[in-house]
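Spelled out from the first residue to the last, the chains are:
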Amino acid sequence: MATVEQVTRSSDELEVTVLPGLGCRVHRLRAFGRDLVRTPPEPATHADDPFFWGAYVMAPWTNRASAEPMTVAGRRVDLAANFPDGTAIHGQVYAAPWRRTGDATFGVDHAADAAWPWDYTVTAELAVDGPRLRLRYRLENRSDATMPGGLGLHAWVRRPVALALRARAVDPANGRPDAAEVTATARWGLDDTAPPDGVDATWLDLEPTEIGLRWPAEGLGATLRAASSGTAVHAAVANPEEPAATAVEPVTHRPWGLDRLARGETGAMDVLAPGTSLALDLELAVHRAAP
């Protein structure tokens, strides 16, 4: 089995390990000695099954996009399907080899091609300070034309887990490009509760822009705060039967954001002028919590 480079940063409260060569993804995240994300026995497993372990970066778009030619921001985009449902999912950098640019900084470049006709760079910065993990992501448009841009982190957190978040509305079905948003009523409320079985939805326009998490069996809790230079922060949540984990994903645009931009709809991806960047800053603060 090939050796996979691991970069670990830790404090008395936290330990995080990222894999630069496999998408700069979080392989392991521990708080007070307890695992918080779904971690495979071997780091190389991420290469064979990149979508269902750890926590990985999504860019230059998040979640699903149509795997068919479309015109977006004046250029032809022709993405290939990479998921069983026939969509182009989770961007292009989730398993790409990133380079180390500093002690705990990383980057990856994309050269324009037929699939995504813009040059871009994604950078990541990692820091652990006591009970806080800070992750800073930047997507820079390095082409000579405006480019659609989206950023997100797809984390598979161990369950049972309770979530707390507030949102303006909910996209009830992430897999449907025509799904209309619904009001965030009690049916969609997540107030320190387990997400419904089988849910795959996105909570829109978080206010405040944070997600509370609690692992009652472990006596642990955390607050995930997000800040973006873009137009909004949303949270996609999926709670499938398999894998036995819950996806929690702070993102900068709604599902099908590229398609929405092509159709001129709201909630689409941001558009970046040449030389400009989209930022997503995340801070996870862990604490002991009552069962």
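Please read these numbers as outputs of a predicted model, since none were measured by experiment. (Residues numbered from 1 in each chain as written. Predicted model: local features only at pLDDT ≥ 70, side-chain atom pairs only at ≥ 80, totals over all residues. Heavy atoms only, no water.)

Engineer: Got a minute to help me understand the overall build of the protein chain in this structure?
Structural biologist: Along its length, the protein chain carries 2 helices and 26 strands. Over its C-alpha atoms the protein chain spans a radius of gyration of 18 Å, differing by no more than 12% from the 19 Å that the globule rule assigns to 291 residues. Dimensions along the principal axes, computed over C-alpha positions, put the protein chain at roughly 55 × 45 × 30 Å. Within the span of the protein chain, comprising 291 residues, buried residues form 52% of the whole. Of the contacts made within the protein chain by residues no fewer than 6 positions apart, 66% connect residues no fewer than 24 positions apart. Looking at the protein chain, you have 28 positive and 38 negative side-chain charges, and the mean spots of the two groups are 3 Å apart. (Helix = DSSP H or I, 4+ residues; strand = E, 2+ residues; numbered from the N terminus. Rg over C-alpha atoms; globule rule 2.2 N^0.38 Å. Buried < 20%, exposed > 50% of the residue type's maximum accessible area, 1.4 Å probe, protein only. Contact = heavy atoms within 4.5 Å. Lys, Arg positive; Asp, Glu negative; His and termini not counted. Charge placed at Lys NZ, Arg CZ, Asp CG, Glu CD.)

Engineer: What should I look at first to understand the side chain of Arg254 in this one?
Structural biologist: Along the chain, the position of Arg254 falls in the loop between strand S24 (245-251) and helix H2 (257-263). We classify Arg254 as buried; its relative accessible area is 6%. There is a polar contact of 3.2 Å between the side chain of Arg254 and the side chain of Glu181. Setting aside residues no more than four positions away along its own chain, Arg254 makes contact with Asp171, Ala179, Glu181, Leu204, His234, Arg260, Thr266 and Gly267. (Polar contact = N/O pair within 3.5 Å; in protein donor to acceptor, adjacent residues only side chain to side chain.)

Engineer: Help me out: how do you make sense of unusual backbone geometry in this one?
Structural biologist: With the exception of glycine, most residues fall at negative phi, and the peptide bonds are largely trans. Cis geometry marks the peptide bond from Arg159 to Pro160; its omega dihedral reads 15°. Within the fold, Pro160 resides in the loop between strand S15 (152-158) and strand S16 (162-165). In this model, Glu242 is joined to Pro243 through a cis peptide bond whose omega is 0°. Here Pro243 shows up in the loop between strand S23 (234-238) and S24. Here Cys24, not a glycine, exhibits a phi torsion of approximately 55°, which is positive. You can see Cys24 is positioned in the loop between strand S2 (14-19) and strand S3 (25-31). A relative accessible area of 5% means that Cys24 is categorised as buried.

Engineer: What exactly am I supposed to notice about the sheet that holds strand S21 (residues 210-215) here?
Structural biologist: Strand pairing within a sheet occurs via backbone hydrogen bonds; the two strands may be parallel or antiparallel. The antiparallel open sheet is built from 9 strands, whose spatial order is S10-S11-S12-S13-S26-S22-S21-S16-S19. The open sheet terminates on both sides in strands that have one partner only, identified here as strand S10 (99-100) and strand S19 (190-193). (Pairing = 2+ DSSP bridges.)

Engineer: Would you take a moment to explain the environment of Asp119 for this structure?
Structural biologist: With respect to the helices and strands, Asp119 occurs in the loop between strand S11 (105-110) and strand S12 (120-129). Residue Asp119 is classed as partly exposed on the basis of its relative accessible area of 24%. Remark: the alpha-carbon pair of Asp119 and Glu140, spanning 21 residues in sequence, is separated by 8.6 Å. When near neighbours in sequence (up to four residues on either side) are disregarded, Asp119 contacts His110, Ala111, Ala112, Glu140, Asn141, Arg142, Ser143 and Met147.

Engineer: Explanation requested: the side chain of Arg260 in the structure shown.
Structural biologist: Considering the arrangement of structural elements, one finds Arg260 in helix H2. Given a relative accessible area of 5%, Arg260 falls into the buried group. In contact with Arg260, other than residues within four places in its own chain, are Asp171, Ala179, Arg254, Pro255, Glu265, Thr266, Gly267 and Ala268.

Engineer: Would you mind going over the packing of aromatic side chains with me for this structure?
Structural biologist: What characterises a pair of aromatic rings is the spacing of the ring centres plus the angle enclosed by the ring planes. Under the counting rule described, the total for this entry stands at 9 aromatic pairs. Centre to centre, the rings of Phe51 and Tyr56 are 6.4 Å apart; their planes meet at 55°, and the pair counts as tilted. On the basis of relative accessibility, which here comes to 9%, the residue Phe51 falls in the buried class. Residue class for Tyr56 comes out buried when judged on its relative accessible area of 0%. Ring plane angle 70° and centroid distance 6.0 Å describe the contact between Trp188 and Trp203, whose orientation is recorded as edge-to-face. With Trp188 in the loop between strand S18 (182-183) and S19 and Trp203 in strand S20 (residues 200-206), this residue pair connects regions lying 15 residues apart in the sequence. Residue Trp188 shares its accessibility class with Trp203, and that shared class is buried. Grouping aromatic residues by their ring pairs yields a cluster made of Phe51, Phe52, Tyr56, Phe83, Tyr94 and Trp156. (Phe/Tyr/Trp six-rings, centres within 6.5 Å; stacked < 30°, edge-to-face > 60°.)

Engineer: Would you take a moment to explain the pairing of strand S5 (residues 55-58) for this structure?
Structural biologist: Remember that side chains alternate between the two faces of the sheet whenever the strand is regular. Burial along S5 is two-sided: the face carrying Ala55 and Val57 and the face carrying Tyr56 and Met58 are both buried. Two strands pair when backbone bridges link them, and S5 and S15 are joined in this way by 4 bridges, in the antiparallel orientation. When the sheet's bridge partners are listed, Ala55 is paired in S15 with Ala155.

Engineer: Help me out: how do you make sense of the environment of Trp116 in this one?
Structural biologist: As for its placement among the helices and strands, Trp116 is situated in the loop between S11 and S12. Beyond its immediate chain neighbours, meaning those up to four positions away, Trp116 contacts Pro60, Trp61, Val77, Leu79, Gln92, His110, Met147, Pro148, Leu258 and Met269.

Engineer: Which parts of the structure should I look at to understand the nonpolar core?
Structural biologist: The tendency in soluble globular proteins is for nonpolar side chains to be buried as a group. If you look at the biggest cluster of nonpolar residues, it comprises 71 residues, and the most contacted ones within it are Leu29, Trp98, Trp116, Val122, Trp203, Leu213 and Leu258. In terms of residue count, the dominant contributor to this core is strand S26 (residues 277-288) (5 residues). Ignoring anything within four residues of it in the chain, the contact list for Trp98 reads Pro20, Gly21, Gly23, Cys24, Val57, Val93, Phe106, Gly107, Val108, Val122, Thr123 and Ala124. Judged by nonpolar contacts, the second largest core, of 10 residues, contains Phe51, Tyr94, Trp156 and Ala245. (Core = buried A, V, L, I, M, F, W, Y, C linked by side-chain atoms within 4.5 Å.)

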